[in-house]
Number of protein chains: 2
Amino acid sequence: MAASTAVLTAETEILHLERKALERWAKGDPDGFLEICDPDVVYFDPFQEKRLDGIDALRALYDGIRGQVQLSRWEIVDPKVTVCGEMALLTFNFDSDGGGWNTTEVYIRRGAEWRILHSHWSVTKADMRSA
Amino acid sequence: MAASTAVLTAETEILHLERKALERWAKGDPDGFLEICDPDVVYFDPFQEKRLDGIDALRALYDGIRGQVQLSRWEIVDPKVTVCGEMALLTFNFDSDGGGWNTTEVYIRRGAEWRILHSHWSVTKADMRSA
C-alpha cells in the first residue's frame with residue numbers, strides 16, 4: 001500500500017505542477033515553466049530548427065515571447081503519467097484556441113522536487129493541415 | 001565505478017536498439033520498432049489527431065504503412081540519453097531525405113530488456129514551413 005500511495009502522490013503532484021505552469025503560460029507568463037525546469041532541460045517545439053539544450057537556451061526563447069501567448073480556452077486532454085523511480089513520463093493532448101498539440105513532458109526527481117527534464121510540443125494532424 | 005559503468009552500458013544499449021530499429025524503418029520495415037515497444041507504449045506523430053495508446057493501436061498504424069518508407073539517407077543527430085534507474089530518455093534530431101524530425105523516445109526496463117514506452121515524432125521548423 002505504501003508504494004502504491006507514493007506513486008499516486010507523484011502522479012498527482014506532477015499533474016498539479018503541469019497545470020499550474022500552464023495556467024501562467026496561458027496568460028503570457030513563461031516563468032511557471034522556467035521555474036520548474038531542470039538546468040539540463042532539453043526542448044523541442046515546431047518553431048525551432050533543432051533541439052534546445054539547457055535552461056539558458058530555453059529562457060532565451062521564452063524571454064522572447066513573454067506576454068505574447070494569450071489563451072482564453074485550453075484543456076489538458078487524456079493526461080497519462082507513468083512514474084518509474086525518480087523519472088516520470090507525462091503525455092497529453094492540449095486543446096486550446098491556440099491550436100491542438102501533442103505534448104510530452106519528462107520529469108526527474110531532484111531532492112524533494114520534480115523538475116522538467118524534457119519538453120516536446122508539436123502540432124496535431126488538424127493543425128498541420130492548416131499550417 | 002560500477003554505477004558509472006552500468007549507466008554507460010544502458011546508454012550504449014539504448015542507442016544501439018534505436019539505431020537497429022531505424023535501419024529497418026528506413027527500408028520500410030516497422031517491425032524493428034514494434035518488436036521493442038512495451039505493450040503500454042504511447043505514441044505521437046504529426047499524422048494523428050491525438051495520442052495513440054497501446055501496442056495494438058501502434059501496430060495497426062504501422063501495418064498500414066509497411067513497405068512505404070524508403071530512406072536513402074538518414075542520420076541520428078546529437079543523440080542525448082539520460083538514464084534514471086529503470087527509465088531512460090533519448091532525444092535526437094533525425095535528418096533524412098524524408099525530412100527533418102524532432103524525436104523523443106522514453107525507454108523502460110522490463111526484466112533484462114529496454115523497451116520503448118513512448119515515441120514522439122514531429123517535424124522541425126524547416127519542414128513545417130514546407131508542409
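Keep in mind that what you see is a predicted model, and the values were worked out from it rather than measured.

J.: Before we move on, can you summarise the pairing of strand 5 (residues 99-110) of chain A with the specific residues and values?
T.: All names here are of chain A. Burial of strand 5 is extensive: 10 of the 12 residues sit out of reach of the surface. When strand 4 (residues 87-96) meets strand 5, the two strands line up antiparallel, connected through 10 bridges. The residue bridging M87 from the neighbouring strand is I108, located in strand 5. Linkage of strand 4 to strand 5, two consecutive antiparallel strands, is achieved through a turn of two residues. Here strand 5 pairs with strand 6 (residues 113-123) via 10 bridges, running antiparallel. From the neighbouring strand, R110 faces strand 6, where its bridge partner is E113.

J.: Requested: an account of the side chain of N93 of chain A, with residues and values cited.
T.: Along the chain, the position of N93 of chain A falls in strand 4. Residue classification places N93 of chain A among the buried residues on the basis of a relative accessible area of 4%. Within polar-contact distance, the side chain of N93 of chain A engages the side chain of N102 of chain A at 2.8 Å. With near-sequence residues (within four places) excluded, N93 of chain A lies in contact with E75, I76, V77, W101, N102 and T124 of chain A together with F44, E49, K50 and R51 of chain B.

J.: Could you give me a rundown of the interface of chain B and chain A, with the residues and numbers involved?
T.: Each partner contributes to the interface: chain B provides 37 residues, whereas chain A provides 37 residues. Carbon and sulfur atoms make up 62% of the area that chain B and chain A hide from each other, which totals about 3,100 Å². The partner of K50 of chain A in a salt bridge is D78 of chain B, with the nearest N and O atoms 3.2 Å apart. On the surface where chain B and chain A come into contact, there are 17 residue pairs in polar contact (both at pLDDT 80 or more). Elements that contribute at least two residues to the side of chain B that touches chain A include exactly strand 1 (37-44), strand 3 (74-84), strand 4 (87-96), strand 5 (99-110), strand 6 (113-123) and helix 4 (125-130) of chain B. Looking at which element gives the most residues to the side of chain B that touches chain A, the answer is strand 4 of chain B, with six residues.

J.: Could you give an account of the relation of the copies chain B and chain A, with specific residues and numbers?
T.: Note on the identical chains: chain B maps onto chain A by a rotation of 180 degrees and an axial translation of 0.0 Å, with an RMSD of 0.0 Å. The superposition of one copy onto the other is thereby described by a two-fold rotation axis. Mapped onto chain A, 100% of the interface residues of chain B are again interface residues, and the two copies thus contact each other with one and the same surface.

J.: Explain the sheet that holds strand 6 of chain A to me, using residue names and the numbers behind them.
T.: Residues and elements named next belong to chain A. As summarised here, the arrangement of the six strands in space is 2-1-6-5-4-3, forming an open sheet in which the pairing is mixed. In this open sheet, the two strands that pair with only one neighbour each are strand 2 (52-53) and strand 3 (74-84). Bridge count for strand 3 against strand 4 is nine bridges, and the pairing is antiparallel. Across the sheet, residue V77 finds its bridge partner in strand 4, namely N93. Helix-sheet contacts for helix 3 (residues 55-63) involve strand 1 (37-44) and strand 2, and the interaxial angle to strand 1 is about 60 degrees.

J.: Just give me the short version of the pairing of strand 6 of chain B, but keep the residues and values in it.
T.: Residues and elements named next belong to chain B. A large share of strand 6 lies buried, amounting to nine of its 11 residues. The pairing of strand 1 with strand 6 spans four bridges and is classified as parallel. Paired with F44 across the two strands is H120, which belongs to strand 6. The loop that links strand 5 with its antiparallel partner strand 6 comprises two residues; one of these, G111, has a positive phi angle of about 65 degrees.

J.: Break down the pattern of salt bridges for me, citing the residues and quoting the values.
T.: With the rule as written, the count across this model stands at 20 salt bridges over all chains. Between R51 of chain A and D53 of chain A there is a salt bridge, and its shortest N-O distance comes to 2.6 Å. Taking the shortest distance from any N to any O, the salt bridge between E13 of chain B and R109 of chain B comes out at 3.7 Å. Separated by 96 residues along the polypeptide, E13 of chain B in helix 1 (residues 2-25) and R109 of chain B in strand 5 bring together distant segments of the chain. With relative accessibility at 28%, the residue E13 of chain B sits in the partly exposed group. Residue R109 of chain B is classed as partly exposed on the basis of its relative accessible area, which comes to 25%.

J.: Requested: an account of the packing of aromatic side chains, with residues and values cited.
T.: Enumeration over the complete set of coordinates arrives at 16 aromatic pairs over all chains. Judged by centre distance (5.5 Å) and plane angle (85 degrees), the ring pair of F94 of chain B and W121 of chain B falls under edge-to-face. Of the two residues, F94 of chain B is situated in strand 4 and W121 of chain B in strand 6; the sequence distance between them amounts to 27 residues. Neither residue differs from the other here; F94 of chain B and W121 of chain B are each classed as buried. Members of the aromatic cluster, connected to one another through ring pairs, are F47, W74, F92, F94, W101 and W121 of chain A.

Definitions and cut-offs
Residues numbered from 1 in each chain as written. Chains lettered and ligands numbered in written order. Predicted model: local features only at pLDDT ≥ 70, side-chain atom pairs only at ≥ 80, totals over all residues. Heavy atoms only, no water. Buried < 20%, exposed > 50% of the residue type's maximum accessible area, 1.4 Å probe, protein only. Helix = DSSP H or I, 4+ residues; strand = E, 2+ residues; numbered from the N terminus. Pairing = 2+ DSSP bridges. Polar contact = N/O pair within 3.5 Å; in protein donor to acceptor, adjacent residues only side chain to side chain. Contact = heavy atoms within 4.5 Å. Buried area = accessible area lost by both parts, 1.4 Å probe. Salt bridge = Lys/Arg side-chain N within 4 Å of Asp/Glu carboxyl O. Least-squares fit on C-alpha atoms with pLDDT ≥ 70 in both. Axes fitted to C-alpha atoms, helices over the stretch in contact; angles between N-to-C directions. Phe/Tyr/Trp six-rings, centres within 6.5 Å; stacked < 30°, edge-to-face > 60°.

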